Amino acid sequence: MEVRLSNMTAAKAVADAVRTSLGPRGMDKMIQTAQGEVIITNDGATILKHMAVMHPAARMLVDLSAAQDIEAGDGTTSVVVLAGALLGAAEKLLGKGIHPTVVAESFGRAAKKVVEYLEEMSTPVDLTDRESLLKAASTSLSSKIVSQYSTILSPIAVDSVLRLVTPASTNVDLRDVRIVKKVGGTIDDTELMDGVLLHQNAITQAGGPTRMEKAKIGIIQFQLSPPKPDMDNQIVVTDYRQMDKILKEERLYILNLCKAIKKSGCNVLLIQKSILRDATNELSLAYLQKLKILAVRDVERDEIEFLARSLGCKPISDVEQMTADKLGEADLVEEISRNGAKVIRVSGIKNPSGKTVSVLCTGANSLVVEESERSLHDALCVVRCLVKKRALIAGGGAPEIHVSRLLAEHSTSLTGMEAYCFAAYAEALEVIPTTLAENAGLNPIAMVTELRNRHAKGERSAGINVRKGVISNILEENVLQPLLVSTSAIELATETVGLLLRIDDYHPTSTPFALLPLLCYCIVLPAC
């Protein structure tokens, strides 16, 4: 029993830590990483990911938030707060002598009932209804630091996903949306770009071109620099004729590489980053400049797949494989400047292998840019949720109060321990509107009581309007969220709470130092 209570206390402590970040008026957290980097955010998944949580039960809530981030992308704070409230309700039930297994199973059945109620009150949405998608994306951004820029970021998120989906799509791979972050300008300058963006700059050290029309693009995974052996070595040259021969061989080697690239028809070269050798040297840059080839180096390994799919070309690992059929074609490749930040834009791509989208995300400093990128990602996830499950529900605590009331009514028709568990689950759901009211500086008891009263009168869409500080029809305020965010949060939180309730003991697996010699003897003995 002590282990179970210890686990519940640790998990509730994590939930309390992020509770103040819930909702449009939630507080932000400043996080300093071990490397000294400072992050300012109110995104639940980001906060928990950087928290130094040691207790294994508390780590489960960190994993819970990460699971919600993967499944829905939004509601990462709500799911942890909800799990904390369910653990508090479970603790009271355990205090009454109800067995943990009974509580866990009853909570599981209650969660299924809640999901049914949520699906019943949801409104179907069509992907052609751009206005509804914008409302859902704006609601997601309303609780972020960049909420005042929701009119700019919401259309970008919606248009990015709509470019990737078809009417028959059931999911969207957000890896096909490339967000290029650049410090310079403000969030107002964030835009959805036509074509493909590269955050690297064109190499101009030897006077190379920065603009290329009728581009033929090649991605190479070998380096335009002298080869190096795997082991460190030292060559002593005593004769200047040998020195000349070495330099001549080096020039000839690099010249042959550059000639092979030019012979294939390539005039835009993307060079993968290498940790063992320099991607280019001064000699290769001079040859590329003479051959009128636009070169871009330090392309990361994880960018190669995206660029190959976007540009319709194939990565080339050896110069002998450099042929015209492995090149991509585009009307124009140029280096452009946006508020002092330089990026390379590829437009008019002829034969892309798949649909991709590029977004230029800007901000006054790195903290703003990072938070803007996280917020934009959450908005993209919300629109993706509507592709996966095409239904919307009201926000502002309205669905939680509605299903809480229905579940409480349903509990009166049950008998035995299950009735207590269903009633406790219904009461725990009220933590979301209560926290919204608290974080907005309102009286939580008065607001939740009035909200219950309005729902009892049949106003299913009545919710807390935190901006005006009143209870109002939340649909008229355009506060909408995907059904998948709420159902996923309910299911994942209940599953995690059930898992914690079933744990009754804790055994660390570290071996005491006194037993190590004996253990080694036991392992060695059979081999004798």
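In this text, all values refer to a predicted model and were calculated from it rather than measured experimentally. Just so you know, the residues in each chain are numbered from 1, in the order the chain's sequence is written. Per-residue local features are limited, in this predicted model, to residues with pLDDT of at least 70; the limit for side-chain atom pairs, both in listing and counting, is 80 or more; totals at the level of whole chains, interfaces and linings are taken over all residues. To obtain the side-chain values, all non-hydrogen atoms of the structure were included, while hydrogens and water were left out.

## So, the packing of helix α14 (residues 431-439) against helix α15 (residues 444-456)
What counts, and what does not: With axes taken as lines fitted to C-alpha atoms, and helix axes fitted only over the stretch in contact, angles between N-to-C directions fall between 0 and 180 degrees. Secondary structure elements are defined from DSSP: runs of H or I of at least 4 residues count as helices, runs of E of at least 2 residues count as strands, and each element is numbered from the N terminus. For classification, angles of less than 35 degrees are called roughly parallel, those exceeding 145 degrees roughly antiparallel, those between 65 and 115 degrees roughly perpendicular, and all remaining angles oblique. Two helices crossing with the near one rotated counterclockwise from the far one by less than a right angle form a left-handed crossing, whereas a clockwise rotation gives a right-handed crossing. Pairs of residues are marked as contacts when any of their non-hydrogen atoms sit within 4.5 Å.
Their axes nearest at 9 Å, the elements α14 and α15 cross at an angle of 135°. Comparing their axes, α15 and α14 come out oblique. Seen along the crossing, α14 lies across α15 with a hand that is right-handed. Counting all contacts with α14, which are made through Pro433, Thr434, Ala437 and Glu438, the residues of α15 involved are Pro444, Met447, Val448 and Leu451.

## Observations concerning the packing of aromatic side chains
Quick reminder of the rule: Stacked, tilted and edge-to-face are the three classes assigned to paired rings of Phe, Tyr and Trp, where Trp is represented by its six-membered ring and a pair needs centres within 6.5 Å; plane angles under 30 degrees give stacked, over 60 edge-to-face, the rest tilted. Note on exposure labels: buried denotes an accessible area under 20% of the residue type's maximum, exposed denotes more than 50%, and partly exposed covers the range between, all computed with a 1.4 Å probe on protein chains only.
All chains considered together, the criterion is met by one aromatic pair. Both rings, one in phenylalanine 107 and one in tyrosine 425, keep their centres 5.3 Å apart while their planes meet at 75°; by these two values the pair is edge-to-face. Taken together, the residues phenylalanine 107 in helix α5 (residues 100-121) and tyrosine 425 in helix α13 (residues 417-428) connect sequence positions 318 residues apart. One exposure class covers both phenylalanine 107 and tyrosine 425, and it is buried.

## Structural notes on a nonpolar patch on the surface
Put simply, the test is: Exposure above 30% relative accessible area and no salt bridge define the residues that can form patches, which grow by joining like charges within 9 Å and nonpolar side chains of Val, Leu, Ile, Met, Phe, Trp and Tyr within 5 Å. Areas reported here follow the Shrake-Rupley algorithm with a probe of radius 1.4 Å; residue values treat only the protein chains shown as occluding. By convention in these notes, a salt bridge is any Lys or Arg side-chain nitrogen within 4 Å of a carboxyl oxygen on Asp or Glu.
Residues Met30, Val38 and Leu367 make up a contiguous nonpolar surface patch of roughly 260 Å² in combined accessible area. By secondary structure assignment, the location of valine 38 is in strand β2 (residues 38-41). Judged by relative accessible area, valine 38 falls into the partly exposed class, the value being 31%.

## Some remarks on the sheet that holds strand β4 (residues 177-183)
In plain terms, the rule: Any two strands are treated as partners once DSSP identifies two or more bridges connecting them.
Read across the sheet, three strands follow the order β4-β13-β5 without closing on themselves; strand pairing throughout is mixed. Unpaired on one side and paired on the other, β4 and β5 (191-193) mark the two borders of the sheet. Averaged over neighbouring strand pairs, the angle between their axes works out to 30° when direction is ignored. Bridge analysis of β4 against strand β13 (residues 357-363) gives seven bridges, and the strand direction is parallel. Of the residues in β13, the one forming a bridge with valine 180 is leucine 360. Across the sheet, helix α7 (residues 150-164) is in contact with β4, β5 and β13; its angle to β5 comes to roughly 25°. Helix α11 (residues 366-388) rests against β4 and β13 of the sheet, and its axis sits at about 160° to β4.

## Quick word on the pairing of β13
When you tally the buried positions in β13, you get seven out of seven residues, the bulk of the element. A two-sided burial pattern is seen for β13, the buried positions comprising Val357, Val359, Cys361 and Gly363 on one face and Ser358, Leu360 and Thr362 on the other. Alignment of β5 against β13, held across three bridges, turns out to be antiparallel. Counterpart to glutamate 191 in the pairing with β13 is leucine 360.

Interpretation note: all reported values are geometric properties and have no functional meaning in isolation.
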